[in-house]
Amino acid sequence: MLAIASGGGHFIQLMGLSPAWDGHAVSIAAVDPTSRALVGGVPFFTFRDVSRADWWRIPAATLDIAAILLKVRPQVIITTGALPGLIAATLARPFGCKRLWVDSIANS
């Protein structure tokens, strides 16, 4: 499983879901290298952040996330967003992964 999210609240919400993957092989990806301290001993990856405000960074972030998918080869991708999570969810099909998007109640 790959758990992936952008920074801030998206990553905090993703980590709040961590009891759901206890006992499963999981890797975590985030934009902030200091987030490694929050994930324990699981494999951790970083990627360049991107948002709709800096959309021109989409190709670089997509390459970063694709490289992570090639390394991890997850069966499932779980994300709480934002745009990097959408990129990962979009790449899930070509990589043969199932995907789960958990949206924030704040977005409703």
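**Topic: the overall build of the protein chain**
Counting its secondary structure elements, the protein chain contains three helices and five strands. The helix and strand sequence of the protein chain, counted from the amino end, reads β-α-β-β-α-β-α-β. Taken over C-alpha atoms, the radius of gyration comes to 13 Å for the protein chain, in line with the 13 Å a tight globule of 108 residues would show. Principal-axis analysis of the C-alpha atoms places the extent of the protein chain at approximately 40 × 30 × 30 Å. Out of the 108 residues in the protein chain, the part that is buried amounts to 41%. Contacts in the protein chain between residues far apart in sequence, at least 24 positions, make up 51% of those at least 6 positions apart. Here the protein chain displays about 6,200 Å² of accessible surface, and carbon together with sulfur accounts for 60% of that area. Computing the positive centroid from 9 side-chain charges and the negative centroid from 6, the protein chain places the two 10 Å apart.

**Comments concerning the pattern of salt bridges**
Throughout the structure, instances matching the rule amount to two salt bridges. A salt bridge links R48 to D64, with the nearest nitrogen and oxygen atoms 2.7 Å apart. You can see R48 sitting in the loop between strand 3 (44–46) and helix 2 (58–72) and its partner D64 sitting in helix 2, a full 16 residues away along the chain. Using a relative accessible area of 48% as the deciding quantity, one classes R48 as partly exposed.

**Description of unusual backbone geometry**
Peptide bonds are, in most cases, trans, and in most cases residues other than glycine have a negative phi. The residue after G81, namely A82, is reached through a cis peptide bond having omega -5°. Here A82 shows up in the loop between strand 4 (76–81) and helix 3 (83–92). In this structure, R73 takes a positive phi of about 50° despite not being glycine. Its place among the elements puts R73 in the loop between helix 2 and strand 4.

Rules behind the numbers
- Residues numbered from 1 in each chain as written.
- Predicted model: local features only at pLDDT ≥ 70, side-chain atom pairs only at ≥ 80, totals over all residues.
- Heavy atoms only, no water.
- Helix = DSSP H or I, 4+ residues; strand = E, 2+ residues; numbered from the N terminus.
- Rg over C-alpha atoms; globule rule 2.2 N^0.38 Å.
- Buried < 20%, exposed > 50% of the residue type's maximum accessible area, 1.4 Å probe, protein only.
- Contact = heavy atoms within 4.5 Å.
- Areas by Shrake-Rupley, 256 points an atom, 1.4 Å probe, with all protein chains shown as cover.
- Lys, Arg positive; Asp, Glu negative; His and termini not counted.
- Charge placed at Lys NZ, Arg CZ, Asp CG, Glu CD.
- Salt bridge = Lys/Arg side-chain N within 4 Å of Asp/Glu carboxyl O.

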